[in-house]
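Here's the letter readout for the chains.
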Amino acid sequence: LFGGRKRLHKHLMVMGDISTQLTGARPTQGFETITGPHSAILGHPKQELQYVATPQQKLPKAMMSTGTCTVRNYIDGKAGKKGEHHHTYGGIVVEKDGDRFHFRQLNALEDGSFIDVDKAYYPNGVVEPAPAASLLVCGDLHHRFMCPKSVDATLTGPDSMLSVLRPEAIAWHDVMDGDSCNPHDFENPFMGFARQQFNYSDIKQEIVNCAQFFDERCSGVKNYIVASNHEDFLARWMNRIDWRHDYENAEFYLETALAMVRGAQITDTGYKNIHPFPYWMKQFVKNADITYLKVDESLVINNIEVGFHGHRGPNGARGTIANYGRIGVKPIIAHNHTPGIRDGVVQVGTLSQLILGYTSGPSSWMNANAVVYGIGKRALLNIVNGYWKK
């Protein structure tokens, strides 16, 4: 038991002197500035993780709560019942690794057993190799601007997540960056000139490169590609561009338009058409086993909903970790590039570079994936400079 403050690492503090309300809905809220630039761990029976934006030259700081090893004992009433619902058996493991530190929130079953990475721990003291993970959910890939170190930490070598966790499948978000057909740059002639000079304006080639990535890096595992907003850039380009003024992509446009014309339908629920990104990926991928999820198509793996990208929220609202926490399922979402845990929602980060051409100001972006263990519990796995564990 510890009731003070302790610096576990030069970038991480344990705040044992802070007694938070046990039924508080947001245990880390309001403490964002109390540790200055350092990350912090607070004790609370609810597990939460929020990243706080910092200047772009630094990694964002993490504010996290522990979960508990105490049995449920709440009073009747609204606050008590909500606290009981979010009561989580678990803790946080911290690994110091030179200038880096790694942390993982542990989430235990009712009997106290849990998995951390590749080991399963039981109340009788037995420790044994964990079963294969059910799923690895990757942060947004953005293939053209992916972070090579983070992708290697995910897929390459004996210490990668793929090798250590042995997931039965991988879920991918924002596979295609869509830089070659980015609708936000349609009116920027200088951006278009730069893309053309560096051979970045060929849309077909960007999709071919994505297909090659899966054939070269992901052929030995089942893959799911979740319908995401950056891949929608291609459909938006199809609806907006005049192919007669884009000579480089004219043939690709017409081939895609023909497929979309042939696929256009009116159903009982309205207009329906093919999505051009999975259409072309199916043509170009040679070896990888990929299932392409449609928009709003559910995919439940070990009782976890992983079919949402996170850009579309309830009733047409913009998706956030907050409003996904009110839909009554346990999802893993992506999209915002900021990892988080809140109200049963796990949000992955990104596998892209943390500073891109369109970003500015303080940032909470972080390279991070999520795992669904074989027991159905989830964990965020942060990647720091190409390392995800010690």
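Residues numbered from 1 in each chain as written. Predicted model: local features only at pLDDT ≥ 70, side-chain atom pairs only at ≥ 80, totals over all residues. Heavy atoms only, no water.

*Asks:* Looking at this model, I keep getting lost on the overall build of the chain. Mind explaining?
*Replies:* The number of helices and strands found in the chain is nine helices and 23 strands. For 390 residues, the compact-globule estimate of 2.2 N^0.38 gives 21 Å, and the C-alpha radius of gyration of the chain, at 22 Å, lies within 12% of that figure. Expressed along its principal axes, the backbone C-alpha trace of the chain runs to roughly 70 × 45 × 40 Å. Split into buried and exposed, the 390 residues of the chain put 52% on the buried side. Just so you have it, the chain exposes about 19000 Å², and 52% of that area is on carbon and sulfur atoms. With 40 positive and 39 negative side-chain charges, the chain shows a separation of 6 Å between the mean positions of the two kinds. (Helix = DSSP H or I, 4+ residues; strand = E, 2+ residues; numbered from the N terminus. Rg over C-alpha atoms; globule rule 2.2 N^0.38 Å. Buried < 20%, exposed > 50% of the residue type's maximum accessible area, 1.4 Å probe, protein only. Areas by Shrake-Rupley, 256 points an atom, 1.4 Å probe, with all protein chains shown as cover. Lys, Arg positive; Asp, Glu negative; His and termini not counted. Charge placed at Lys NZ, Arg CZ, Asp CG, Glu CD.)

*Asks:* Is there a simple way to think about the environment of glutamate 32 in this case?
*Replies:* Along the chain, the position of glutamate 32 falls in the loop between strand S2 (12–15) and strand S3 (39–42). Sequence separation of glutamate 32 and glutamine 50 is 18 residues, and the distance between their C-alpha atoms is 9.1 Å. Setting aside chain neighbours within four positions, we find glutamate 32 in contact with Gln50, Val52, Lys61 and Met63. A polar side-chain atom of glutamate 32 sits 2.9 Å from the main-chain amide nitrogen of glycine 30. (Contact = heavy atoms within 4.5 Å. Polar contact = N/O pair within 3.5 Å; in protein donor to acceptor, adjacent residues only side chain to side chain.)

*Asks:* I'm lost on the sheet that holds strand S10 (residues 127–129) in this one. Help?
*Replies:* The strands that make up a sheet are held in pairs by hydrogen bonds between backbone atoms, and each pair lies either parallel or antiparallel. In space, the three strands of this open sheet follow the order S8-S9-S10, with antiparallel pairing throughout. Each edge of the open sheet is held by one strand with a lone partner, namely strand S8 (114–116) and S10. With strand direction ignored, the average angle separating the axes of adjacent strands in the sheet is 30°. Two elements, S8 and strand S9 (residues 119–121), share three bridges in a ladder whose sense is antiparallel. Considered in S9, the bridge of aspartate 116 is made with lysine 119. (Pairing = 2+ DSSP bridges. Axes fitted to C-alpha atoms, helices over the stretch in contact; angles between N-to-C directions.)

*Asks:* Quick question: what am I supposed to make of the pairing of strand S23 (residues 378–382) here?
*Replies:* Note on strand geometry: in a regular strand, side chains alternate between the two faces of the sheet. Counting buried residues in S23 gives five out of five residues, a clear majority hidden from the surface. Residues Arg378, Leu380 and Asn382 point to one face of S23 and Ala379 and Leu381 to the other, with burial holding for every one of them. Sheet topology note: the strand S22 (residues 368–372)/S23 ladder contains five bridges and is antiparallel. Note that in S23 the partner of asparagine 369 across the bridge is leucine 381. The antiparallel pairing of S22 with S23 creates a hairpin that spans five residues between the two strands, and glycine 376 there sits at a positive phi of about 90°.

*Asks:* Is there a simple way to think about the sheet that holds strand S13 (residues 222–225) in this case?
*Replies:* Strand order in the open sheet formed by six strands is S16-S13-S12-S11-S22-S23, with mixed pairing between adjacent strands. Of all strands in the sheet, those with a lone pairing partner are strand S16 (289–292) and S23, marking the two edges. Strand after strand, the sheet turns through a mean of 25° between neighbouring axes, direction not considered.

*Asks:* Honestly, unusual backbone geometry in this entry has me stumped. Any pointers?
*Replies:* Excluding glycine, residues mostly have negative phi values, and the peptide bonds linking residues are mostly trans. Phi at histidine 335 is positive, roughly 85°, even though this residue is not glycine. For histidine 335, a relative accessible area of 16% puts it in the buried group. With phi around 55°, asparagine 385 is a residue other than glycine that occupies positive phi space. Position of asparagine 385 among the secondary structure elements: in the segment after S23. Residue classification places asparagine 385 among the partly exposed residues on the basis of a relative accessible area of 49%.

*Asks:* What's the story with helix H4 (residues 189–197) in this structure? I'm lost.
*Replies:* At 3.6 residues per turn, the α-helix brings residues three or four places apart onto the same side. N-capping of H4 is provided by asparagine 188, with a side-chain oxygen placed 3.1 Å from the backbone N of phenylalanine 190. Of the residues one or two after H4, asparagine 199 is the one with positive phi, at around 55°.

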